[in-house]
6 protein chains.
Amino acid sequence: MSENIQLIPGNTLLTATPEEGRALAMKMSRLIIKATQPDATIREKLRPVYAEDAAMLIAIGQTVALEFATIAAANNYWRK
Amino acid sequence: MSENIQLIPGNTLLTATPEEGRALAMKMSRLIIKATQPDATIREKLRPVYAEDAAMLIAIGQTVALEFATIAAANNYWRK
Amino acid sequence: MSENIQLIPGNTLLTATPEEGRALAMKMSRLIIKATQPDATIREKLRPVYAEDAAMLIAIGQTVALEFATIAAANNYWRK
Amino acid sequence: MSENIQLIPGNTLLTATPEEGRALAMKMSRLIIKATQPDATIREKLRPVYAEDAAMLIAIGQTVALEFATIAAANNYWRK
Amino acid sequence: MSENIQLIPGNTLLTATPEEGRALAMKMSRLIIKATQPDATIREKLRPVYAEDAAMLIAIGQTVALEFATIAAANNYWRK
Amino acid sequence: MSENIQLIPGNTLLTATPEEGRALAMKMSRLIIKATQPDATIREKLRPVYAEDAAMLIAIGQTVALEFATIAAANNYWRK
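Residues numbered from 1 in each chain as written. Chains lettered and ligands numbered in written order. Predicted model: local features only at pLDDT ≥ 70, side-chain atom pairs only at ≥ 80, totals over all residues. Heavy atoms only, no water.

Taking an unreviewed UniProt entry as the reference, chain A is identified by name as Hexameric tyrosine-coordinated heme protein (HTHP) belonging to Mucilaginibacter terrenus.

Okay, structure coming up:
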């Protein structure tokens, strides 16, 4: 792992819109993978493994759902 | 992955009814898969894999439950 | 998947009792499976697969727990 | 599955103590298994399968943790 | 399973510090395993199985995270 | 397992920034692994196992997401 990777772009959970919050959830979940496996060559080899595996795609969906729950709460669900 | 896919239809978590909120949860979970695997041909090949696999169907149910929890909270559970 | 399946019976998360809320959690989790795999013949074939598999029964339990958490919050935990 | 199985003993999430709440979480998670697989003979055959499998015991622990989270919130964490 | 095992040491979720809350989360998750598999001989045999298996160690981490979420909320996050 | 391992660095969930909270989530999830498997030699052997396995990296991401949800709530989402 690497301590030098930025884990939250912009260092905030607040976003202007739900769409941006969802994109942040995806980015945050990827950055944990990056911090755990900083070797880009290995990550590139793993990409087709998960991207063509139904079970792993579903698991990625669960991770993003968990991250998004936190981001949505932080933004008070973008209620007007 | 693709940065160009819309992740939240309508860019809002607010829906008129629980039924619409549930449908949104399903759509949002599918859009994460689409953003992670943008190649429609590969996604089509994976569809019968998960749709005929009991464990994966259950895992999809967990993902939708997680997404719906956020949507339901956003809508204050559609309490009158 | 089918867009024509009702995902939340009665289109409400509110129930008179915890017991009814729990039954709703079970129904909602099954309806996601039905919407993802609308072919009743395939679902019938999968039933003995998960119903006689300890790991899948446990996973079903996790799904119901997640759905119930949302329903219980919606009902303010049926506190008097 | 059977619709005749009681899913929540006492039809309430409220308990006098955390210990009782924890026991309720265990019971509720087992009753979902029972409702999904009502055949006691099959459930008896599955018992040694999960009770001697480390991964399944851990998964049971996750289920109970999820159920307990709801029960604890319902009881306002048994704060005095 | 055994109904005679204490599931929550001290019968409270309240702890003086986050560190003690975290230790309680670990203990509570282990006590569910103990209650589900009360035979100490079998549990001893399973210990090296999960303690040397990366996937199971990660799953244990998820369980503790879930338990801790409840304990932390109970303690209002130990905010001053 | 070892009772002597510090589980929460600084014995607090409060951090100055989201980025620090995210780093704490990663550390806390690793310390549970350490407390469950205190033998550093075994942990070192497991590192390449999970760091080169797509499914385990995703599972680690789920763990961190769960821990971070608690930390973010503790910090009131670092709202100004």
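**Q** How do you make sense of the interface of chain C and chain B when you look at a structure like this?
**A** Across the contact, 31 residues belong to chain C and 27 residues belong to chain B. Of the roughly 2,500 Å² buried where chain C meets chain B, counting both sides, 70% is carbon and sulfur surface. At the boundary of chain C with chain B, the tally comes to one salt bridge. Here E67 of chain C ties to R22 of chain B by a salt bridge, and the two come within 2.5 Å at their closest N and O atoms. The tally of links between chain C and chain B comes to ten residue pairs in polar contact (both at pLDDT 80 or more). Broken down by secondary-structure element, the contributors of at least two residues to the side of chain C that touches chain B are α1 (18–36), α2 (40–51) and α3 (54–74) of chain C. No other element matches the ten residues that α3 of chain C contributes to the side of chain C that touches chain B. Its residues placed into classes, the side of chain C that touches chain B shows 19 nonpolar, ten polar and two charged. (Contact = heavy atoms within 4.5 Å. Buried area = accessible area lost by both parts, 1.4 Å probe. Salt bridge = Lys/Arg side-chain N within 4 Å of Asp/Glu carboxyl O. Polar contact = N/O pair within 3.5 Å; in protein donor to acceptor, adjacent residues only side chain to side chain. Helix = DSSP H or I, 4+ residues; strand = E, 2+ residues; numbered from the N terminus. Nonpolar A, V, L, I, M, F, W, Y, C, P; charged D, E, K, R; others polar.)

**Q** What should I look at first to understand the relation of the copies chain C and chain B in this one?
**A** For the pair chain C and chain B, the best superposition has an RMSD of 0.0 Å and corresponds to a rotation of 60° with a translation of 0.0 Å parallel to the axis. What the superposition gives is, in effect, a six-fold axis relating one chain to the other. Closest approach to the rotation axis within chain C is made by the C-alpha atom of L66 of chain C, at a distance of 7.0 Å. With a heterologous cut-off of 20% or less, the 13% of interface residues of chain C that recur at the interface of chain B puts this contact in the heterologous class. (Least-squares fit on C-alpha atoms with pLDDT ≥ 70 in both.)

**Q** Looking at this structure, how should I read the environment of I5 of chain D?
**A** By secondary structure assignment, the location of I5 of chain D is in the segment before α1 (18–36). Between the C-alpha atom of I5 of chain D and that of T17 of chain D, which follows or precedes it by twelve residues, the distance is 25 Å. Not counting the four nearest positions on each side in its chain, I5 of chain D is found in contact with E19 of chain C together with L31, K34, A35 and P38 of chain D.

**Q** Could you clarify how one ought to interpret the interface of chain B and chain A in this entry?
**A** For an interface, size is often stated in terms of accessible area lost upon the parts coming together. In this complex, chain B contributes 31 residues to the contact, which on the side of chain A involves 27 residues. Around 2,500 Å² of area is buried between chain B and chain A when both sides are counted, 69% of it from carbon and sulfur atoms. At the boundary of chain B with chain A, the tally comes to one salt bridge. Of all elements in the fold, only α1 (18–36), α2 (40–51) and α3 (54–74) of chain B reach the threshold of two or more residues within the side of chain B that touches chain A. Looking at the side of chain B that touches chain A element by element, the count peaks at ten residues for α3 of chain B.

**Q** Looking at this structure, I do not really get the side chain of E19 of chain F. What am I missing?
**A** Along the chain, E19 of chain F turns up in helix α1 (residues 18–36). No salt bridge is formed by the buried E19 of chain F. Its closest oppositely charged neighbour is R22 of chain F, at 7.7 Å. Polar side-chain contacts of E19 of chain F include one of 2.9 Å to the backbone nitrogen of I8 of chain A. Filtering out sequence-adjacent residues up to four positions away, E19 of chain F remains in contact with I5, Q6, L7, I8 and N11 of chain A. (Buried < 20%, exposed > 50% of the residue type's maximum accessible area, 1.4 Å probe, protein only. Lys, Arg positive; Asp, Glu negative; His and termini not counted.)

**Q** What is the right way to read the nonpolar core from this model?
**A** Inside soluble globular proteins, nonpolar side chains tend to come together where they are buried. Among the nonpolar cores identified, the biggest contains 171 residues, and L13 of chain A, L13 of chain B, L13 of chain C, L13 of chain D, L13 of chain E together with L13 of chain F are the most heavily contacted of them. Aside from chain neighbours lying at most four places away, what touches L13 of chain C is P18, F68, A72, Y77 and W78 of chain B together with I8, L24, M28, T70, I71, A74 and N75 of chain C. Residues A65 of chain B, A65 of chain C, A65 of chain E together with L66 of chain F belong to the second largest nonpolar core, which totals twelve residues. (Core = buried A, V, L, I, M, F, W, Y, C linked by side-chain atoms within 4.5 Å.)

**Q** Explain the packing of aromatic side chains to me, please; I cannot follow it from the model alone.
**A** To describe a pair of aromatic rings, one takes the distance between the centres and the angle between the planes. In this structure the tally under the stated criterion is six aromatic pairs over all chains. Aromatic side chains F68 of chain C and W78 of chain C sit 5.8 Å apart centroid to centroid with 15° between the ring planes, which places their arrangement in the stacked category. Of this pair, F68 of chain C sits in helix α3 while W78 of chain C sits in the segment after α3, placing them ten residues apart in sequence. Taking the relative accessible area as the measure of exposure, F68 of chain C reaches 0% and is therefore buried. By relative accessible area, W78 of chain C is classed as buried at 13%. Here the basic side chain of R22 of chain B rests over the ring of F68 of chain B, its NZ or CZ set 4.9 Å away from the ring centre. (Phe/Tyr/Trp six-rings, centres within 6.5 Å; stacked < 30°, edge-to-face > 60°. Lys NZ or Arg CZ within 6 Å of the ring centre and 35° of its normal.)

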